[in-house]
Amino acid sequence: DVTITGSLNADFTYSGGSYCQYDTAKNPAPIFGPGASAGTFSATPAVGLVFKNVNTGVVDLNASTPGNYTIKNIIPSSGGCSADTSALIPITITAAPILNATSFTPSVCSPGSPNVTLMNGSSYTWTVTSPAKITGAAPGNGSVINQNLTTTDSVPGIVHYIVTPTDGVGCVGKTDT
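In this text the structure is predicted, and so the values were computed from the model without any measurement.

Trainee: It is not clear to me how the confidence of the model for the protein chain should be interpreted in this structure. Could you clarify?
Mentor: A low pLDDT score tells you not to read the predicted coordinates there in detail. When pLDDT is averaged across the protein chain, the result is 74; 53% of the residues are at 70 or more. Per-element confidence in the protein chain is highest for strand β6 (residues 58-59), whose mean pLDDT is 96, and lowest for strand β11 (residues 140-148), whose mean pLDDT is 51. Below a pLDDT of 50 lies the segment residues 133-139, which in the model reaches 20 contacts outside its immediate sequence neighbourhood of four places, other chains included.

In structure tokens, the structure reads:
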């Protein structure tokens, strides 16, 4: 009897080549062509890129450091077939924008004008959620906020001013409140 083993195939790709840090809804997973399979995944440089599981090749964008990486799928020799490590796929993880709250007025009596100053090197979007009625705090976007919230017609309560930085090309940073 002769056993014929199919050749090993480590070929894979990722959809897209650039990903945003912290975009866990889009953790890249390898896509295998016909006859290809997962082995053990590694990255060069070896420090910075984190896999959810080295046997699946799914990249953990929340735990990975921004940078350029080359990912390799290694299938060890089996059944007389040589190992396959020929697939090398480059990916880039783009740094998420950072938001810095430089000053704010945490408490104010009505009527009054609490001030929120938020600065970052990128653009942002913001929303206001509150049981209180606040004027002058409509949702918006821009590159630097110096937002005055006028409380003339406000109902007493806590105001949540939620700011999310964006880099203008699709990467979103961590939301700050």
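So much for the structure itself; the text now carries on.
Trainee: Can you help me understand the pairing of strand β4 (residues 40-44) in this one?
Mentor: The two faces of a sheet get side chains in turn, since along a regular strand they alternate between them. Burial along β4 is one-sided: the residues F41 and A43 are buried and none of T40, S42 and T44 is. Sheet topology note: the β4/strand β7 (residues 67-74) ladder contains five bridges and is antiparallel. Paired with T40 across the two strands is I74, which belongs to β7.

Trainee: Is there a simple way to think about the sheet that holds strand β8 (residues 88-94) in this case?
Mentor: Each strand in a sheet pairs with its neighbour through backbone hydrogen bonds, running either in the same direction (parallel) or in the opposite one (antiparallel). The sheet built from four strands is open, its strands ordered β2-β8-β7-β4 with mixed pairing. A strand with exactly one partner marks an edge of an open sheet, and here the two such strands are β2 (18-20) and β4. Each strand of the sheet is rotated relative to its neighbour by a mean of 30 degrees, with strand direction disregarded. Here six bridges tie β7 to β8, and the two strands are oriented antiparallel to one another.

Analysis parameters
- Residues numbered from 1 in each chain as written.
- Predicted model: local features only at pLDDT ≥ 70, side-chain atom pairs only at ≥ 80, totals over all residues.
- Heavy atoms only, no water.
- pLDDT = per-residue confidence, 0-100.
- Helix = DSSP H or I, 4+ residues; strand = E, 2+ residues; numbered from the N terminus.
- Contact = heavy atoms within 4.5 Å.
- Buried < 20%, exposed > 50% of the residue type's maximum accessible area, 1.4 Å probe, protein only.
- Pairing = 2+ DSSP bridges.
- Axes fitted to C-alpha atoms, helices over the stretch in contact; angles between N-to-C directions.

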